[in-house]
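Each chain is listed here by its residues.
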Amino acid sequence: MTLPKNRAGLAIAFVLFGVLCISLNDMLIKQLSSGYPLHQIVFFRSFIALLVSLVFLHFEGGLPALRTDQPWLHFLRGILVVIANMSFFLALAVIPLADATALFFAAPLFITLLSIPILGEKVGPLRLGAVFVGFIGVVIMQRPWEPSEALTVSRIVLLLPVLAALTYALNQLMTRKLGVNAPASALAIYIQGSFLVVSVGFFIVAGDGRFATQTTNASLDFLLRAWVWPAPQDRWVLLGMGVNGALIGYCLSQAYRLADAATVAPFEYIGLPLAVFWGLIIFGDIPTWEVWTGIALILSSGLFVFFRERSKAKRISPRPVARRH
């Protein structure tokens with residue numbers, strides 16, 4: 001289905017709703033992280049999202065739309081998105097929602113920096129300076145001046161959202177370089193299929209929880225603990241997360257089809273105050289000065305990169321969370 005470009009109002013509505021769905025998804029995963037393994041949550045979420053995406057596919061060309069002459073590209077995209085999501089969710093089990101979200105918003109900085117060797121883009125000193133400022137924010141949130149034993153979590157856990165941002169950026173740049181011609185629903189199905197394969201693999205290898213007994217690390221325990229039958233109230237949460245996951249991919253894909261990225265992408269930054277809001281209301285987390293400083297530097301540098309690219313009529317506008325589903 002071909003959608004007309006430059007319907008900015010509708011595109012902004014799609015992206016705002018999609019980002020709201022992302023913030024709900026992250027908040028719910030953090031809530032469930034104390035009782036269920038990550039691969040079980042991902043399995044139920046992706047299975048339901050896949051079913052919903054198949055309904056969307058019916059209205060966007062049906063099963064023939066799944067045919068592709070670039071299966072290896074979709075496979076690689078799927079692996080990168082799975083790594084980005086799993087890294088981010090593992091961090092969520094341990095660190096506050098606002099901290100993880102702010103660190104993940106380093107993705108547009110990675111996109112700008114890596115576009116030089118991967119896409120051959122010319123990035124001027126102003127944008128490079130903005131990227132440098134943004135990464136200062138990332139470093140501040142890592143608290144390098146504190147000894148490791150003084151931190152409440154390990155430095156590896158603090159780096160997980162950064163790994164998520166890097167793999168997400170690589171996915172975006174690879175997709176832009178090689179090109180993907182498929183409807184939004186088909187792209188969502190490829191991604192959800194990748195999540196299902198990985199989660200089933202984890203169940204086969206570690207679903208009985210035997211590896212979880214060998215670690216005291218909270219993130220690894222979240223990844224490796226045994227599957228449990230969902231409590232009645234949690235079944236509805238898992239169902240809602242699946243529908244929510246399908247809406248994320250569809251709404252954000254449609255947003256970028258209805259208007260160009262320079263118009264849509266800045267509105268994704270609403271995810272940062274939403275993360276702070278959910279963290280405060282649901283979990284009682286109040287960001288520290290390091291987090292507030294990091295948020296300010298990452299947010300300002302990311303928006304500067306957006307608007308600088310827009311003024312130069314660039315098409316490489318970063319999309320911080322548009323495909324993290």
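Residues numbered from 1 in each chain as written. Predicted model: local features only at pLDDT ≥ 70, side-chain atom pairs only at ≥ 80, totals over all residues. Heavy atoms only, no water.

A. Main features of helix α4 (residues 97–104). With 8 of 8 residues buried, α4 is to be regarded as a mostly interior element. Those residues of α4 that fall on the buried side of the exposure criterion are Leu97, Ala98, Asp99, Ala100, Thr101, Ala102, Leu103 and Phe104. (Buried < 20%, exposed > 50% of the residue type's maximum accessible area, 1.4 Å probe, protein only. Helix = DSSP H or I, 4+ residues; strand = E, 2+ residues; numbered from the N terminus.)

B. Layout of a nonpolar patch on the surface. Residues Trp72, Phe75, Leu76, Ile79, Ile83 and Leu163 make up a contiguous nonpolar surface patch of roughly 540 Å² in combined accessible area. No other element matches helix α3 (residues 71–92), which puts 5 residues into the nonpolar patch. (Patch = residues over 30% accessible without salt bridge, like charges linked within 9 Å, V, L, I, M, F, W, Y side chains within 5 Å. Areas by Shrake-Rupley, 256 points an atom, 1.4 Å probe, with all protein chains shown as cover. Salt bridge = Lys/Arg side-chain N within 4 Å of Asp/Glu carboxyl O.)

C. Quick look at the pattern of salt bridges. One pass over the structure, following the stated rule, counts 3 salt bridges. Between Asp208 and Arg210 there is a salt bridge whose closest N-O contact spans 2.8 Å. A salt bridge links Arg225 to Asp221, with the nearest nitrogen and oxygen atoms 2.8 Å apart.

D. Fine view of the packing of α4 against helix α6 (residues 125–142). The N-to-C vectors of α4 and α6 enclose an angle of 150 degrees; their axes lie 10 Å apart at closest approach. As far as their axial angle goes, α6 and α4 are roughly antiparallel. In this structure, the crossing between α4 and α6 has a hand that is left-handed. Here Asp99, Ala102 and Leu103 of α4 come into contact with α6, specifically with Val138, Met141 and Gln142. Residue composition of the contact of α4 with α6, by class: 4 nonpolar, 1 polar and 1 charged. (Axes fitted to C-alpha atoms, helices over the stretch in contact; angles between N-to-C directions. Parallel < 35°, antiparallel > 145°, perpendicular 65-115°, else oblique. Left-handed = near helix turned anticlockwise from the far one by under 90°. Contact = heavy atoms within 4.5 Å. Nonpolar A, V, L, I, M, F, W, Y, C, P; charged D, E, K, R; others polar.)

E. Looking closely at the nonpolar core. Among the nonpolar cores identified, the biggest contains 80 residues, and Leu38, Ile41 and Phe110 are the most heavily contacted of them. Not counting residues up to four positions away in its chain, the partners in contact with Ile41 are Ile29, Leu32, Tyr36, Phe222, Leu238 and Met241. Residues Leu57, Ala182, Leu187 and Leu196 belong to the second largest nonpolar core, which totals 9 residues. (Core = buried A, V, L, I, M, F, W, Y, C linked by side-chain atoms within 4.5 Å.)

F. How the structure looks around the packing of helix α1 (residues 8–32) against α3. The N-to-C vectors of α1 and α3 enclose an angle of 55 degrees; their axes lie 9 Å apart at closest approach. In this view, α1 runs oblique relative to α3, as classed from their interaxial angle. Where α1 crosses over α3, the two elements pack in a sense that is right-handed. Facing Asn25, Asp26, Ile29 and Lys30 of α1, the residues of α3 in contact are Phe88, Phe89 and Leu92.

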